[in-house]
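Survey of secondary and tertiary structure
Each chain is listed here by its residues.
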Amino acid sequence: MKKLLFIFFALYSIITAQSSYPDWAKGIVWYQIFPERFSNGNVMNDPEAEKVFNGRSAPAGYVIKDWGSDWFSPEHWKNDIKPDFTHRRYGGDLQGIISRLDYIKELGVGGIYLNPVFEAVSHHKYDGSSFHHIDVNFGADPTGDKKIMNAEKPLNPETWKFTTADSLFLKLLDEAHKRDIRVIIDGVFNHCGRDFWAFNDLISKGENSEFKDWFMVKKFDDPSTPENEFKYKGWWNIASLPEFNRNDSTLAPGPKDYIINSTIKWMDPNGDGDPSDGIDGWRLDVAADVPAGFWKEWSARVKRINPQAIIVGELWETHPELIGPDKPFHSQMNYSFAYAVNEFFIWEKKKLSNAGFREKLEKFIKIYDKNTLLVLQNLVDSHDTERLASMLMNPDRDYDRDGSSGNDNYYAGIPSVSAREQQLLIAAFQICFPGSPMIYYGDEAGMWGADDPHCRKPMLWKDIVFDNEVISPESGFKSGFGSYPVKFDENLFESYKKLIALRVRYKALQTGDYRLIENLPEGYFAIERSLGDEKILAVFNSTRYYPEFSIIAPDQEKKYYDLWDESSPPVMGEIGLPDKLSFKIFRVAD
């Protein structure tokens, strides 16, 4: 009987964990941080040439880039007039993020999504060398941390020790949690880097390696020939990103067990069964490339460890088979939202109609249930796209297409005043629309930039003086030449802060029901959010025209209080439409 009861409660725990949604994540505002480019809090851990060049001949005099230097300036250590974005480092680290947590708190966001933080050679860290250790150059003692790592047996979690980087990461979690800020991290479980410890063994021992079944080897090297015949499958055929072996349903046993053990470490670091000292969830890289069976097993484990952890897939299209109640993921990076915003708020010559915009939004609104909609990460830009401000300066292109120097007509310079008005309009729509808006670091500070690598510039800070950004033929771009001032945009920051404060203050904007207001002139869009007695109306003008008319208030007997311009008196009956590239947000009350 006791055995049956144990089985019952075990099954009940699994079912409950799989079907629950993290309440804290519903309607939260996210802030995405690219760690190497956010803030350098400890210059003593800056990456050295040996790691940056990964065993290849490193140039004499290599130094990291000065934080405030011109983005397009050539490297001091390289005899070239062109910048070297591949080997450039700025020294961003965990201490830098910790020291800027009060800034993030002031902005008002409730959650941080960190791009990869695990040990890796590159600046982006999507080529992991380890999943159970934080990058040594993000910690306090790179040399000592390497010694700790080298003394371990990676296959045996009982030998794992906490490095200074690991401990500093736990401090970051603690300091963020003290400020009521949640933290999720990137899980890159489809592939690793060539320096991954198991792949290193495979390179060294070939067919004799105990890890030969971990990877998708096409051909082993024949030591009797002078050539190296070793071939394997890399993600998108990129040799620096070897993929883990798998079948149609799951990953191979070796990498699967290692990934699960690493997952447990970051979700319950001290192993006491209380996950409060761990991360608050995961963002999963190239999630559609990993077998769904693995995600089912992995997510069930995650939800058992912490039923309130959120699981977000990097999915560029809707995936109802992966996302929703009793599915592996709670949420996704909602690029469908970004596509719709691009075509309605940014396109000019081929701008979507009101009906077309609604149809684009309903593609995911109708697919997902309400709980799922409330946790979708509604983003406009990210580390994989050009920045929002630069999208606005280069309209009428498909999302994430032709956004860099390969486009002869691309303008990479400073955004115009009009573009900043549009940016704030889009931010307001993000804040008012159902879901969880995500801001890419620095958008609120005035950053701009073309697609990768230019979307990954060092964060703008008020306490750092920046050189002008000079765009010349040596920059790689063919238009937009000039010298542009780079500085923190106080007005834009205050506007973002005010918008986020409205969302935090009014629960209807976080988790309320959604209703579209019909029969508006083309280019205008209005939504109503309601929760109990609380009701908010948001009206957006995506055109470059001043309105000559008003709309009938949806509730004739109610007063409409302008939350953006609180000096305006409340209105009844008719509501004036917002000016060009502008918006109005009203509280509806007696």
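Not measured: the values here are computed from a predicted model.

Approximately 1,100 Å³ is the volume attributed to the largest pocket. His124, Tyr126, Trp235, Ile238 and Leu241 are, among the 38 residues lining the largest pocket, the residues nearest its centre. Here the lining of the second largest pocket is built from residues that sort into 9 nonpolar, 10 polar and 10 charged.

Per the stated rule, a full pass over the model turns up 39 salt bridges. A salt bridge links Glu75 to Lys65, with the nearest nitrogen and oxygen atoms 3.5 Å apart. Highlighted residues: Glu75 in the loop between helix H2 (49–52) and helix H3 (94–99) and Lys65 in the loop between H2 and H3, separated in sequence by 10 residues. Lys65 matches Glu75 in its accessibility class, with the two residues each being buried. Beyond isolated ion pairs, a larger network of salt bridges with shared partners links Asp102, Asp174, Glu175, Lys178 and Arg179.

Quick look at the nonpolar core now. Counting residues in each nonpolar core, the largest one holds 156 residues, and the members touching the most others are Tyr31, Phe169, Phe196, Trp282 and Trp298. In this structure, Ile551, Ile575, Leu577 and Phe586 belong to the second largest nonpolar core, which totals 13 residues.

Now for the sheet that holds strand E19 (residues 582–589). Spatially, the 5 strands line up as an open sheet ordered E13-E14-E15-E19-E17, and their pairing is antiparallel. Looking at which strands have only one partner, the edges of the open sheet turn out to be strand E13 (513–516) and strand E17 (559–562). Sheet twist, expressed as the average angle between the axes of neighbouring strands with direction ignored, equals 25 degrees. Both strand E15 (residues 534–541) and E19 contribute to a ladder of 6 bridges, which runs antiparallel. When the bridges of E19 are listed, Phe540 appears paired with Phe583. In this fold helix H14 (residues 417–432) packs onto strand E14 (524–531), E15 and E19, with an angle of close to 150 degrees to the strand it touches most, E15.

Definitions and cut-offs
- Residues numbered from 1 in each chain as written.
- Predicted model: local features only at pLDDT ≥ 70, side-chain atom pairs only at ≥ 80, totals over all residues.
- Heavy atoms only, no water.
- 1 Å grid on protein atoms, 1.4 Å probe; cavity = no way out; pocket = protein on both sides within 12 Å on 5 of 7 lines; lining within 4 Å.
- Points joined across faces, edges and corners; volume = space filled by probe spheres on them.
- Nonpolar A, V, L, I, M, F, W, Y, C, P; charged D, E, K, R; others polar.
- Salt bridge = Lys/Arg side-chain N within 4 Å of Asp/Glu carboxyl O.
- Helix = DSSP H or I, 4+ residues; strand = E, 2+ residues; numbered from the N terminus.
- Buried < 20%, exposed > 50% of the residue type's maximum accessible area, 1.4 Å probe, protein only.
- Core = buried A, V, L, I, M, F, W, Y, C linked by side-chain atoms within 4.5 Å.
- Pairing = 2+ DSSP bridges.
- Axes fitted to C-alpha atoms, helices over the stretch in contact; angles between N-to-C directions.
- Contact = heavy atoms within 4.5 Å.

Note that every value here comes from positions in space, so none of it alone points to a role or purpose.
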